Amino acid sequence: MSELVSLSLPEKTFILHGIDVNFRNDGRSRLDCRPIELQTKIMDQVNGSAKLKIDDTEILVGVKVEEDTPDENSPSEGKLEFFVDCSANANPIFEGKGGDELATEISDALSLAYKDVFDLTELCILPSKKCWKLYVDVLILACGGNLFDAVAAAVKAALYSTEIPQVKDAAVDGVEADIFVSDDIFNSVKLDVKNAPLLISLCKIGDNYVVDPTPEEEVCSSATVVVAVMPNGRTSGGLKTGYGSLMVETWRKAIQIAKKVGVQLNNEIMKALEEEEKLGPNRALFGFL
Amino acid sequence: MSYTEENGESKILVRLANNRIDHTLPVQQDPRTAFYTPGEEISTQPDFLRGHGTYMDTQQVLRASVAGNLERVNKLISVRPYKTRYQGEIGDVVIGRITEVQQKRWKVDTNAKLDSALLLSSVNLPGGELRRRSAEDEQAMRRYLQEGDVVCAEVQSIFADGSLSLHTRVLKYGKLSQGIMMKLSPSMIKRQKQHFHNLANGAVLILGNNGNVWIGASQSGQDSSQGGFTQDYSRIDQENREVCARLQNCIRCLVKSNILLSDTSVTYAYEESMKYEIKELIQDEVQFNVALLTHQRLVA
């Protein structure tokens, strides 16, 4: 990942020594996260949406549902596709193709995390004829560090809010399959996200791991471990970004920490989403101001 | 590596946007400060001089082109925008980051429209020698200041294209060592005679006119005879580190509630924040409470 901020050597030293003594520049300890702000169903044009803020990081996610034909290899499964876009508003270096590298990295991490974990059979309408395809579009509006975790949490929230149209009738007429969707837009099925994983990235700074890094801390780190953690504490994938290398033992430690943080974050996010659902459809909407 | 000390539960806060905290303070609008939005009519009379941030439309009506305060000097009307890049003025204290090393000059990012220039001839050489800069000095430029370094300087002059020329010919200016740099809006800094503050808690606070704020960890026995080019990489003790972290979080509180930054407001916020732990200061409720208490002390 290209560096979003530059720091002088003494500033890096200051951050590094702080993390050594478990005291970060904003007073957090190594495993403390910043507060998260979450909001779902903020866009009418899509089937599910969410906006998430962590300090300066701002992520907008939209989920679109479209009809498709299942793959021959998996006739009874629907499809799930991720697309990430880094807005040049977030950082001028994302202009043109500048953000593509980071965007691909994040969308690959999401695909890896959701592969074999997310139940795609519920997206099937008629085996090997019709299925739903979910397009998950992620827009990074502002960068304040910790993009992987923020994107994954926003994606989970958006999937939670996704409503798939109720299929009234599906019939096979010769080779062509026809489906009839309910006319009532409120007649819909909620997507099940109880298995949806979150990404937890652990920034290796000095000899220690740090969760929820700020952009300044990310610059100080040589390697970041990104672990996909499911709500039950199992991991569904992992990757490493940055040029640094890790020992096997260090990697194991990272997964242990990620599991712990991941389960906790999952619980808190689900709690918030359920609370928001209780507010009902007439809750106040907050825009981008 | 040991993670035994990290078993203490740390709480993750997830807030819904519906429960968002409003950071605006209960302030009475001063009737003298007229706020204009882009396109708003200022005057229809023709005998005004059109200043920055205004334009004359086809009906010869003077309108604001930016959002901000109206400033009037005799017949000259200008609107000073709230959100803007730094407009340099000679004599301002600025904090910037070196972006490029060129021949005879460094390019400095000072949050202005164009990168500012720090000429080799307008820095103090290490050891404080006074002489013409030779070719050897030019070759050694990167040894003095390199890309990414943070410098504190004064605006010496403004070039024809609007970019700034800086100088560090006084010992208090120069390269900054360990600490935290915060990038804020230039309009958040209160214009004052003094922008260098040695706070009672031991930290060094520099409120740059360009919106960059430096919180320096106090270092005893610093040798300034080297012209500030030597760097200290020693460990800062925990007490100083906590002061810096608290100051940074306090400044965030003030900025979120739009309180102008000065040594007074920062000190008040620091004192009011003492009842909280440092890491609590990243929570919105706490931030607003600190800002509110600071505001009450400031208006009292």
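The rules behind the values
- Residues numbered from 1 in each chain as written.
- Chains lettered and ligands numbered in written order.
- Predicted model: local features only at pLDDT ≥ 70, side-chain atom pairs only at ≥ 80, totals over all residues.
- Heavy atoms only, no water.
- Pairing = 2+ DSSP bridges.
- Helix = DSSP H or I, 4+ residues; strand = E, 2+ residues; numbered from the N terminus.
- Axes fitted to C-alpha atoms, helices over the stretch in contact; angles between N-to-C directions.
- Contact = heavy atoms within 4.5 Å.
- Core = buried A, V, L, I, M, F, W, Y, C linked by side-chain atoms within 4.5 Å.
- Buried < 20%, exposed > 50% of the residue type's maximum accessible area, 1.4 Å probe, protein only.
- Left-handed = near helix turned anticlockwise from the far one by under 90°.
- Nonpolar A, V, L, I, M, F, W, Y, C, P; charged D, E, K, R; others polar.
- Expected span 1.5 Å × (residues − 1).
- UniProt positions renumbered as here; feature names shortened; annotations may be inferred.
- Phe/Tyr/Trp six-rings, centres within 6.5 Å; stacked < 30°, edge-to-face > 60°.
- Lys NZ or Arg CZ within 6 Å of the ring centre and 35° of its normal.
- Salt bridge = Lys/Arg side-chain N within 4 Å of Asp/Glu carboxyl O.
- Buried area = accessible area lost by both parts, 1.4 Å probe.
- Polar contact = N/O pair within 3.5 Å; in protein donor to acceptor, adjacent residues only side chain to side chain.

Novice: Where do I start with the sheet that holds strand E12 (residues 208–211) of chain A in this structure?
Specialist: Hydrogen bonds between backbone groups are what pair the strands of a sheet, and the pairing can be parallel or antiparallel. Residues and elements named next belong to chain A. As summarised here, the arrangement of the 4 strands in space is E12-E11-E13-E14, forming an open sheet in which the pairing is antiparallel. Strands at the two margins of the open sheet, each flanked by one partner only, are E12 and strand E14 (235–241). This sheet shows a mean twist of 25 degrees between the axes of neighbouring strands, independent of strand direction. As paired strands, strand E11 (residues 198–205) and E12 are joined by 4 bridges and run antiparallel to one another. Of the residues in E12, the one forming a bridge with Leu202 is Val211. Each of E11, E12, strand E13 (223–229) and E14 touches helix H5 (residues 248–278); the most contacted strand, E11, lies at about 135 degrees to it.

Novice: I'm lost on the nonpolar core in this one. Help?
Specialist: One broad rule of soluble globular proteins: the nonpolar side chains tend to lie buried together. Membership of the largest hydrophobic core comes to 74 residues, with the highest contact counts inside it found for A:Leu110, A:Val155 and A:Leu159. It is helix H3 (residues 147–160) of chain A that provides the largest number of residues to this core, a total of 12 residues. Contact partners of A:Leu159, with chain neighbours within four places excluded, come to A:Val63, A:Tyr114, A:Phe118, A:Leu134, A:Val136, A:Leu191 and A:Val193. Of all hydrophobic cores here, the second largest spans 31 residues; its members include B:Leu205, B:Leu247, B:Val290 and B:Ala291.

Novice: Where do I start with the packing of H3(A) against H5(A) in this structure?
Specialist: Helices that pack against each other are described as a pair by the angle of their axes relative to one another and the distance between those axes. Residue and element names in this part refer to chain A. Direction vectors running N to C along H3 and H5 enclose 35 degrees, while the axes themselves pass 11 Å from each other. Taken as a pair, H3 and H5 cross one another with a handedness that is right-handed. On the side of H3, the interface is formed by Ala153, Lys156, Ala157 and Tyr160, while H5 contributes Asn266, Ile269, Met270, Leu273, Glu274 and Glu277. Among the residues making up the contact of H3 with H5, the classes are represented as 6 nonpolar, 1 polar and 3 charged.

Novice: Sorry if this is basic, but what is going on with helix H1 (residues 9–20) of chain A here?
Specialist: An α-helix turns once every 3.6 residues. As a result, residues three or four positions apart point the same way. The end-to-end C-alpha separation of H1(A) is 16 Å, in line with the 16 Å expected for 12 residues at 1.5 Å each. Regarding H1(A), the residues found buried are A:Pro10, A:Glu11, A:Thr13, A:Phe14, A:Ile15, A:His17, A:Gly18 and A:Ile19.

Novice: Explain the UniProt feature "domain: Exoribonuclease phosphorolytic" (unreviewed entry) in chain A here, please?
Specialist: The positions UniProt marks with the feature "domain: Exoribonuclease phosphorolytic" (unreviewed entry) are residues 33–165 and 197–260 of chain A. Secondary structure content for residues 33–165 of chain A is 22% helix and 38% strand, while the C-alpha to C-alpha distance between its ends is 37 Å.

Novice: I tried to follow the pairing of strand E6 (residues 130–142) of chain A on my own but got confused; where do I start?
Specialist: Look at any regular strand and the pattern is simple: side chains alternate between the two faces of the sheet. Residues and elements named next belong to chain A. Where strand E3 (residues 57–68) lies against E6, 11 bridges are found, and the strand directions are antiparallel. Counterpart to Lys64 in the pairing with E6 is Tyr135. For strand E4 (residues 79–86) and E6, the ladder comprises 8 bridges, and the chain directions are parallel. Of the residues in E6, the one forming a bridge with Glu81 is Tyr135. Direction of pairing for strand E5 (residues 124–126) relative to E6: antiparallel, over a ladder of 2 bridges. In the sheet register, Leu126 faces E6, and the bridge partner there is Lys130. Hairpin connection from E5 to E6: 3 residues lie between these consecutive antiparallel strands, with Ser128 at a positive phi of about 55 degrees.

Novice: I would appreciate a short explanation of the packing of aromatic side chains in the present structure.
Specialist: The description of an aromatic ring pair uses the distance of the two centres, along with the angle that the planes make with each other. Under the criterion given, the structure shown has 4 aromatic pairs over all chains. Ring centres of A:Phe82 and A:Tyr114 lie 5.2 Å apart, and the angle between their planes is 50 degrees; on these two criteria the pair is classed as tilted. Taken together, the positions of A:Phe82 in strand E4 and A:Tyr114 in helix H2 (residues 100–114) put the pair 32 residues apart, joining distant regions of the chain. Across the pair, A:Tyr114 and A:Phe82 agree in class, each one buried. Pairing B:Tyr173 with B:Phe196 gives two aromatic rings, centres 5.8 Å apart and planes at 50 degrees, and the pair type is tilted. You can see B:Tyr173 sitting in the loop between strand E13 (164–168) and strand E14 (174–175) and its partner B:Phe196 sitting in strand E16 (residues 196–198), a full 23 residues away along the chain. Exposure class is identical for B:Tyr173 and B:Phe196. Each is buried. An aromatic cluster of three or more residues is present, and its members are A:Phe82, A:Tyr114 and A:Phe118. Sitting above the plane of the A:Tyr135 ring, A:Lys64 keeps its charged end 5.6 Å from the centroid. For the cation-ring pair, B:Arg241 lies above A:Phe14, with the distance from its terminal atom to the ring centre recorded as 4.6 Å.

Novice: Is there a simple way to think about the pattern of salt bridges in this case?
Specialist: Residue and element names in this part refer to chain B. If you walk through the whole model with that rule in mind, you get 35 salt bridges over all chains. Here Arg142 ties to Glu147 by a salt bridge, and the two come within 2.9 Å at their closest N and O atoms. Its relative accessible area of 43% is what places Arg142 among the partly exposed residues. Residue Glu147 is classed as partly exposed on the basis of its relative accessible area of 35%.

Novice: Could you clarify how one ought to interpret the interface of chain A and chain B in this entry?
Specialist: It is common to report an interface's size as the accessible area lost on association of the parts. Every contact between the two is made by 52 residues of chain A and, on the other side, 45 residues of chain B. Counting the surface lost from both chain A and chain B, the interface buries some 4,300 Å², and carbon and sulfur atoms represent 54% of this. The largest contributions to the chain A side of the interface with chain B come from A:Pro10, A:Phe14 and A:Phe23, which together make up 15% of the buried area. Our enumeration of links across chain A and chain B arrives at 5 salt bridges. For the salt bridge of A:Asp32 with B:Lys279, the shortest nitrogen-to-oxygen distance reads 2.9 Å. Our count for the contact surface shared by chain A and chain B stands at 15 residue pairs in polar contact (both at pLDDT 80 or more). Of all the secondary structure elements, the ones that give two or more residues to the side of chain A that touches chain B are H1, strand E1 (36–40), E12 and H5 of chain A. Ranked by residue count, the leading element in the side of chain A that touches chain B is H5(A), at 12 residues. Counted by class, the side of chain A that touches chain B contains 21 nonpolar, 14 polar and 17 charged residues. Examined bridge by bridge, E1(A) and strand E1 (residues 14–16) of chain B share 3 bridges and lie parallel to one another.

Novice: Explain the sheet that holds strand E6 (residues 62–64) of chain B to me, please; I cannot follow it from the model alone.
Specialist: All names here are of chain B. Read from one edge of the open sheet, 3 strands run E3-E6-E5, paired in antiparallel fashion. Of all strands in the sheet, those bounded by a partner on one side alone are strand E3 (41–43) and strand E5 (54–56). Shown here is a sheet whose adjacent strand axes are inclined to one another by a mean of 40 degrees, direction ignored.

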